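Take a look at the letters that make up each chain.
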Amino acid sequence: MDKEEMSFEESLNKLESIVKKLENGNGNLDESIREYTEAMKLAGNCSKKLDEATASVNKILKENGSLEDFNIEE
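Note on numbering: residues in each chain are counted from 1, in written sequence order. The model is predicted, so local features are restricted to residues of pLDDT at least 70 and side-chain atom pairs to those at 80 or more, both for listing and for counting; the totals for chains, interfaces and linings are taken over all residues. No hydrogens and no water enter the side-chain calculation; it runs on all heavy atoms of the structure.

## Some thoughts on the pattern of salt bridges
Item 1. A pair is scored as a salt bridge if a Lys or Arg side-chain nitrogen falls within 4 Å of a carboxyl oxygen belonging to Asp or Glu. All chains considered together, the criterion is met by one salt bridge.
Item 2. The residue Lys-21 makes a salt bridge to Glu-35 at a minimum N-O spacing of 3.1 Å. Here Glu-35 lies in helix α2 (residues 29-57) and Lys-21 lies in helix α1 (residues 8-24), a separation of 14 residues in the sequence. Strands here mean DSSP runs of E at least two residues long; helices mean DSSP runs of H or I at least four residues long; both are numbered from the N terminus.

Have a look at this one:
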């Protein structure tokens, strides 16, 4: 499955798995570099999905059903 197609949860679980492997320190250098590279791609994917979710949450429905940016008034 392509990283872009993975859900946020799938990406996060895979990222956590890679971090645990890297923290363990038992892999060779080449394998660690590959794992680190994959982890960075997964982190980017998670960040993108969080940004998209934030943008969606920051929209609210007006009474007529159209979307409007949500602004907090202080």
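Next comes the rest of the account.
## Things to note about α2
Item 1. Between its terminal C-alpha atoms α2 stretches 41 Å, which fits the 42 Å expected from 29 residues at 1.5 Å a residue.
Item 2. For α2, the complete set of buried residues consists of Glu-35, Ala-39, Leu-42, Asn-45 and Cys-46.
Item 3. The criterion used for residue contact is that any of the two residues' heavy atoms lie within 4.5 Å. Summarising the contacts, the buried residues of α2 are in contact with α1. How far a helix is expected to stretch is found by multiplying one less than its residue total by 1.5 Å. A 1.4 Å probe rolled over the protein chains alone gives each residue an accessible area, and that area as a share of the maximum for its type sets the label: buried under 20%, exposed over 50%, partly exposed in between.

## Notes on the environment of Asn-45
Item 1. Tracing the chain through its elements places Asn-45 in helix α2.
Item 2. Exposure remark for Asn-45: the relative accessible area of 3% places this residue in the buried category.
Item 3. C-alpha separation for the pair Asn-45 and Met-6, spaced 39 residues apart in sequence, amounts to 8.7 Å.

## A look at the nonpolar core
Item 1. Among the nonpolar cores identified, the biggest contains five residues, and these are Met-6, Leu-15, Ile-18, Ala-39 and Leu-42.
Item 2. Sorting the residues of this core by element identifies α1 and α2 as the ones contributing at least two each. What makes a nonpolar core is a set of buried Ala, Val, Leu, Ile, Met, Phe, Trp, Tyr and Cys residues whose side-chain atoms join them at distances within 4.5 Å.

## Quick look at a nonpolar patch on the surface
Item 1. A surface patch of nonpolar side chains, amounting to about 300 Å² of accessible area, comprises Leu-22, Tyr-36 and Met-40.
Item 2. Considering the arrangement of structural elements, one finds Tyr-36 in helix α2. Residues qualify for a patch when their relative accessible area is over 30% and they have no salt bridge, like charges being joined within 9 Å and the nonpolar side chains of Val, Leu, Ile, Met, Phe, Trp and Tyr within 5 Å. Using a 1.4 Å probe, the Shrake-Rupley method yields the accessible areas, and only the shown protein chains count as cover for residues.

## Quick look at α1
Item 1. Here α1 spans 24 Å end to end across 17 residues, near enough to the 24 Å set by a 1.5 Å rise per residue.
Item 2. Taken residue by residue, α1 has Ser-11, Leu-15 and Ile-18 as its buried positions. The buried residues of α1 occupy one face: seen down the axis, they fall within an arc of 65°. Every exposed residue of α1 that faces more than 90 degrees away from the buried side is listed here: Asn-13, Lys-20, Glu-23 and Asn-24.
Item 3. Packed against the buried residues of α1 are α2. As used here, the arc is the angular range of directions from the helix axis to the C-beta atoms.

## So, the confidence of the model for the chain
Item 1. Mean pLDDT over the chain: 86, with 84% of residues reaching 70 or higher.
Item 2. The least confident element of the chain, judged by mean pLDDT, is strand β1 (residues 59-61) at 71; the most confident is α1 at 94. Confidence scores per residue from the predictor, reported as pLDDT, run from 0 to 100.

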